[in-house]
Every structure is written in structure tokens, then in C-alpha cells.
Amino acid sequence: MSDQKNTVSMTDNRTGKTWEFPVIEGSTGPDVIDIRRLYAETGMFTYDPGFTSTGSCESSITYIDGEKGVLRHRGYDIADLAEHSDFMEVSYLLLYGDLPTPPQKAKFESDITHHSMVHEQLHDFYTGFRRDSHPMAVMVGVIGALSSFYHDSTDITDPRHRLIASYRMIAKVPTIAAWAYKYSIGQPFIYPKNNLSYAENFLQMMYAVPCEEYMVNPVLARAMDRILILHADHEQNASTSTVRLAGSSGANPFACIASGIASLWGPAHGGANEAVLKMLNEIGHKDNIPEYLAKAKDKDDPFRLMGFGHRVYKNYDPRATVMQKTCHEVLDELGIANEPLLDLAMELERIALEDPYFVEKKLFPNVDFYSGIIFKAMNIPVSMYTVLFALARTVGWVAQWNEMIEDPTQKIGRPRQLFIGEVQREFIPLHKRVSKNRELAPE
Ligand code: SDX
């Protein structure tokens, strides 16, 4: 008899048949029921659209406790990392599993810095886009185009190739992101400078112009660095799962990251930061908050309170706490005494957190609720907000992609389904067919 402690039993009441499946315990967090043999033994699939109760992999990178509002990277609390670390250290931590020693940090930063330039031919990929393209469309296209370069590092079974591709991806994404902005405003591309930090370099590539010296504001650079930390990785979210699924077929790493950018773009995910600002501008004044809360609660109204709610957090998103603090710091530094959108956001948060609907459904502000206000204060255009999220999340996607490739048990991801369509029909020759459905012909 197997050890009862480590199994669960399942009985099919239709047949009386019973099966046992192993329970696997992690280092912390929920145990998992290992159902890899479920179909072979029962002939049935599980059914979990949206994967609300499904673990897709083993991972040691990021742990989230949604009930307690806990987020840790390799065991370190996000608040500690945001306060005491910087984005390059956190990137090293995500990739290698430990905080770097001084020599390790210096070498990592130098390696990343010296890969921040992109192939000069990459310029040409931008010119195919309309100037008014959404920068996320440009990001998907140009990052995907990276897969047509670097034929010296695309054997993903070679750890050395994976490392080079990982460093190139992390190093080049700020350059590609800043150039998406420059292209949209018709300004010349600004090259990275090797004497600047990762966040400083991004800001100078965004805002410098060739005709004058650009001085990075150290407070804004620190705020940007902290924002990058807060967005770096977040367990198996939609875009990370997209990267893992794409990578599970052995696809080109740059193409896999492009798939993650595509998934992040959606307003239910990384696109929420842009949607929050649009929502706040639409609400306009705190007197209108009740009307919009009513819309958010109306099942027949597609409107949702953007920046609120989360699949995992049923408590305050710990990143939102740090983001709110950073928001005040940035506004203070810029001498923005009363930012109407921030006042509106704080009033909206106060009212929503007291509203029974939001309390009952455990809807709290998430990482996207305050980021838009900071970005607005930093003169970052709304269309670039999700690009910044993608810039930061690239290191998380790369770390998770490496962990997947290095997992010897990893197989190609191939979910099954519950089929509800026509079971079998005889073919009908064209001249005998009559239409049963409303015409679906395009306009
Ligand atoms: C990110 O997964 C991650 O880790 C993502 C992320 C990361 O770092 O990678 O944290 C980044 O994507 C943050 C989330 C950004 N998105 C938004 O702010 C968009 C607004 N939020 C919602 O769309 C929603 O909360 C989701 C998409 C974030 C989560 O949706 P779920 O888990 O599928 O939850 P749900 O839609 O089933 O909602 C549960 C209930 C529903 O009501 P009932 O059907 O049970 O009656 O809560 C309601 C929802 O209608 N609800 C909301 C709401 N969010 C959920 N109602 C109004 N406003 C909202 N924002």
C-alpha cells in the first residue's frame, strides 16, 4: 500500500473505480497532485480553463502567496530587493539563483553593458512600421526580428549559447524599447553609453537628443530602476507561460520572448498600466467615481476597474505598495505638488477598498494601478507604459525560459480539451447544401 500521507484518492461514482495519485510537496506553498498518469489510468482529462488550479512546472525563481500578499525572488522579499538592491543585481539573482558578490556583479553589469548595442541593420526594421504604430507592435516585430540574427548562439541545447542569447536579450531590450519611442516621435535613435547604469542608459536613450548634452536625473533613474525590479518576474503569469510554452518546442529564444511581449500587451495583463491611465482620465473627477464603480460591478457592463484585481493576489499586491511610495517620491522630486490623477487614484482606491463588492471579491490594487501615474510624471507617453513592463519582464522571461530548458523532465507543452462539437457527419455535396446559420460574411 503506498504511503497514504503522500497520495490522494479519486473515485468515479459512475463506475465505483478508484485511483490514487501522488502528492508532491514543494519547499513552501500549496502541494500539488501529480496527475501526469491521470489520462493513462482513467481515460479522462482534467478541465481547468485559465489554469486557476493548475501547476505547469517546478520552479525555484519566484514565489507568490496571494492570500498574504507575499512576493519573493529566490527567497528574497520584493520590498527588500526594491529598497536595498538594484535591477542588475535582481537580474543576476533571477538568472543564477543568488545575489552576486561584488566581482560577480561588476562582471555581469559589464557583460550586459557591452551587449547593449544592436546590429546596425536592425534600424531598417523600424522603418517598415507607421510612425503612429503602437510601440508594443514595434516591440513584437523588432524583438522577433532578433531571431534572424546571432546564428552563433541559437543551439538552445548548448548552455553557452543559452547564456549568450540570454545576455543579448536582457542587454538589447532597453535599446530596442527606447528606439520604438524615438521612432514614434521622429527623433534620431540614441545609442547606449557604456558609462551609464541600465536604468540611466534607458532614460538617456529615451530623452537625449544629439544636439545637446543630456544629464540623467539620479532620482528618476533610481525610480526607474526600482520600477524595473518590481516588474522583473512574477511566477507563471500569462506572458511567462507563453514564453515557456513557445520555448517547450525548442523555438528560437528571441522568438519566444516576442511571444511573451505579445501576451503581455493585453489589457488584462501588462496592458493594464496603460488602461489605468485612460480609465483615470475617463473618470476625470472624484465625483464620478460612484458611477464607474457601479459600471465595474455591473455584470452586463464590460467595464472593469483597471489596476484592480489579480488571479493570485487576494490581498494587496506588495508591488503596488512600493509603487505608491515611489510615486510620491517621483512627484516630490519633480515638484509636482498636486497631481490630480494621483489624488483621483488615491480616492478611487480608498472608496473601492471600502466597497462591499471589492471587499467580498478580494479585489485590491495591483502593480499596474500606480505605475501609470509615475510614468506620466516622468513624461513617458502612455503608449510606452507596457513597453516598460516588457523591458523589465524580459529578464524574468529569460530566467524562466532557461529554467524550463534545463529541466530534464520538461516536455513540449500540449494541453488537451473537452470536445463539444459535432461528433460525426456525412459529407454533403455543394449543390445539396442549405444554410442553417445567419450569414457570417465579413462587411
Ligand atoms: C498583471 O498573473 C500575474 O502575475 C500578472 C501580473 C504580472 O506581474 O505578471 O501581476 C501583471 O497582469 C496584473 C493584472 C493587471 N490587470 C488588470 O488590472 C485588469 C483588471 N483586472 C481584471 O481584469 C482581473 O482582475 C484579472 C484579469 C487581473 C484577474 O482576473 P481573474 O483571476 O480571471 O479573476 P476573475 O475575472 O474571475 O474575477 C473574479 C471576480 C469576477 O466576478 P464574478 O464573475 O466572480 O462575479 O471579480 C471580478 C470579476 O468580474 N473582477 C472585477 C475586477 N477584477 C475581477 N470586477 C471589476 N473590476 C475588476 N478589476
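See the structure printed just above.
Residues numbered from 1 in each chain as written. Predicted model: local features only at pLDDT ≥ 70, side-chain atom pairs only at ≥ 80, totals over all residues. Heavy atoms only, no water.

Now for the site of the ligand. Residues in close proximity to the ligand total 24 residues, the closest being His234, His310, Arg311, Arg319 and Arg393. Contact distances for the ligand include 2.9 Å between an oxygen atom and a side-chain N or O atom of His269. Measuring from an oxygen atom of the ligand, one finds a side-chain N or O atom of Arg304 at 2.9 Å. About the coverage of the ligand: the protein hides 78% of its 1000 Å² of free accessible area. Taken together, the residues of the shell around the ligand break down into ten nonpolar, seven polar and seven charged. (Near = heavy atom within 4 Å. Polar contact = N/O pair within 3.5 Å; in protein donor to acceptor, adjacent residues only side chain to side chain. Areas by Shrake-Rupley, 256 points an atom, 1.4 Å probe, with all protein chains shown as cover. Nonpolar A, V, L, I, M, F, W, Y, C, P; charged D, E, K, R; others polar.)

Within a regular beta strand, the side chains point alternately toward one face of the sheet and then the other, so they alternate between its two faces. Sheet topology places strand S4 (residues 62-65) next to strand S5 (residues 70-73); four bridges connect them, and they run antiparallel. Each bridged residue has a counterpart across the sheet, and for Tyr63 the counterpart in S5 is Arg72. Here S4 folds back onto S5 in antiparallel fashion, the turn holding four residues, of which Gly69 has a positive phi close to 70 degrees. (Pairing = 2+ DSSP bridges. Helix = DSSP H or I, 4+ residues; strand = E, 2+ residues; numbered from the N terminus.)

One broad rule of soluble globular proteins: the nonpolar side chains tend to lie buried together. If you look at the biggest cluster of nonpolar residues, it comprises 117 residues, and the most contacted ones within it are Ile143 and Leu305. Ignoring anything within four residues of it in the chain, the contact list for Ile143 reads Val138, Met169, Val173, Ile176, Phe254, Ile257, Ala258 and Ile261. (Core = buried A, V, L, I, M, F, W, Y, C linked by side-chain atoms within 4.5 Å. Buried < 20%, exposed > 50% of the residue type's maximum accessible area, 1.4 Å probe, protein only. Contact = heavy atoms within 4.5 Å.)

Another point: unusual backbone geometry. Positive phi outside glycine occurs at Tyr150, with the angle close to 55 degrees. Relative to the elements of secondary structure, Tyr150 occurs in the loop between helix H6 (135-145) and helix H7 (159-185). Within the chain, Glu235 stands out as a residue other than glycine whose phi angle is a positive 60 degrees. Relative to the assigned elements, Glu235 resides in the loop between helix H9 (218-230) and helix H10 (238-247).

This next bit is on the packing of helix H14 (residues 318-333) against helix H17 (residues 368-377). Contact geometry of H14 with H17 gives a least axis separation of 9 Å together with a crossing angle of 20 degrees. Accordingly, the angle class assigned to the pair H14 and H17 is roughly parallel. Handedness of the crossing formed by H14 with H17: left-handed. For the pair H14 and H17, the contacting residues are Ala320, Met323, Gln324, Thr326, Cys327, Val330 and Leu331 in the first and Tyr370, Ser371, Ile373, Ile374 and Ala377 in the second. A breakdown of the residues in the contact of H14 with H17 according to their chemical character gives nine nonpolar, three polar and no charged. (Axes fitted to C-alpha atoms, helices over the stretch in contact; angles between N-to-C directions. Parallel < 35°, antiparallel > 145°, perpendicular 65-115°, else oblique. Left-handed = near helix turned anticlockwise from the far one by under 90°.)

One way to put it is that H7 packs onto helix H8 (residues 198-207) with a least axis distance of 8 Å and a crossing angle of 20 degrees. Between H7 and H8, the angle falls in the class roughly parallel. Between H7 and H8 lies a crossing whose hand is right-handed. Contacts from Ile170, Val173, Pro174, Thr175, Ala177, Ala178, Tyr181 and Lys182 of H7 reach H8 at Tyr198, Phe202, Met205, Met206 and Tyr207. Split into classes, the residues belonging to the contact of H7 with H8 amount to eleven nonpolar, one polar and one charged.

Here the focus is the state of the cysteines. For the structure on display, the rule yields zero disulfides. The thiol of Cys57 is not disulfide-bonded; the next cysteine sulfur, from Cys256, is found 15 Å away. (Disulfide = S-S within 2.5 Å.)

Another point: a nonpolar patch on the surface. Residues Tyr47, Leu418 and Ile420 make up a contiguous nonpolar surface patch of roughly 430 Å² in combined accessible area. Mapped onto the elements of the fold, Tyr47 is located in the loop between helix H1 (38-42) and S4. A relative accessible area of 61% places Tyr47 in the exposed class. (Patch = residues over 30% accessible without salt bridge, like charges linked within 9 Å, V, L, I, M, F, W, Y side chains within 5 Å. Salt bridge = Lys/Arg side-chain N within 4 Å of Asp/Glu carboxyl O.)

Turning to the sheet that holds strand S2 (residues 17-24), a few remarks are in order. The strand order across the open sheet formed by three strands is S1-S2-S3, and the pairing between neighbours is antiparallel. In this open sheet, the two edge strands, each paired with only one partner strand, are strand S1 (7-12) and strand S3 (32-33). For S2 and S3, the ladder comprises two bridges, and the chain directions are antiparallel. Looking at S3, one finds that Ile24 is bridged to Val32.

A separate point is the pattern of salt bridges. Any two side chains of opposite charge can pair, so long as their charged atoms come close to each other. Throughout the structure, instances matching the rule amount to 24 salt bridges. Between Asp12 and Arg14 there is a salt bridge; the shortest N-O distance is 2.9 Å. Judged by relative accessible area, Arg14 falls into the exposed class, the value being 68%. With a closest N to O distance of 3.3 Å, Glu329 and Lys325 form a salt bridge. Residue Glu329 and its partner Lys325 are located together in helix H14, separated by four residues, close to a single helical turn.

Moving on, we come to the packing of aromatic side chains. Applying the stated criterion across every chain yields a total of 22 aromatic pairs. Pairing Phe149 with Tyr150 gives two aromatic rings, centres 6.1 Å apart and planes at 45 degrees, and the pair type is tilted. On the basis of relative accessibility, which here comes to 9%, the residue Phe149 falls in the buried class. Among the aromatic residues, those joined into a ring-pair cluster are Tyr126, Trp179, Tyr183, Phe189 and Tyr191. Lying across the ring of Tyr183, Arg131 places its NZ or CZ 4.1 Å from the centre. (Phe/Tyr/Trp six-rings, centres within 6.5 Å; stacked < 30°, edge-to-face > 60°. Lys NZ or Arg CZ within 6 Å of the ring centre and 35° of its normal.)

Read these as spatial facts, not as claims about activity.
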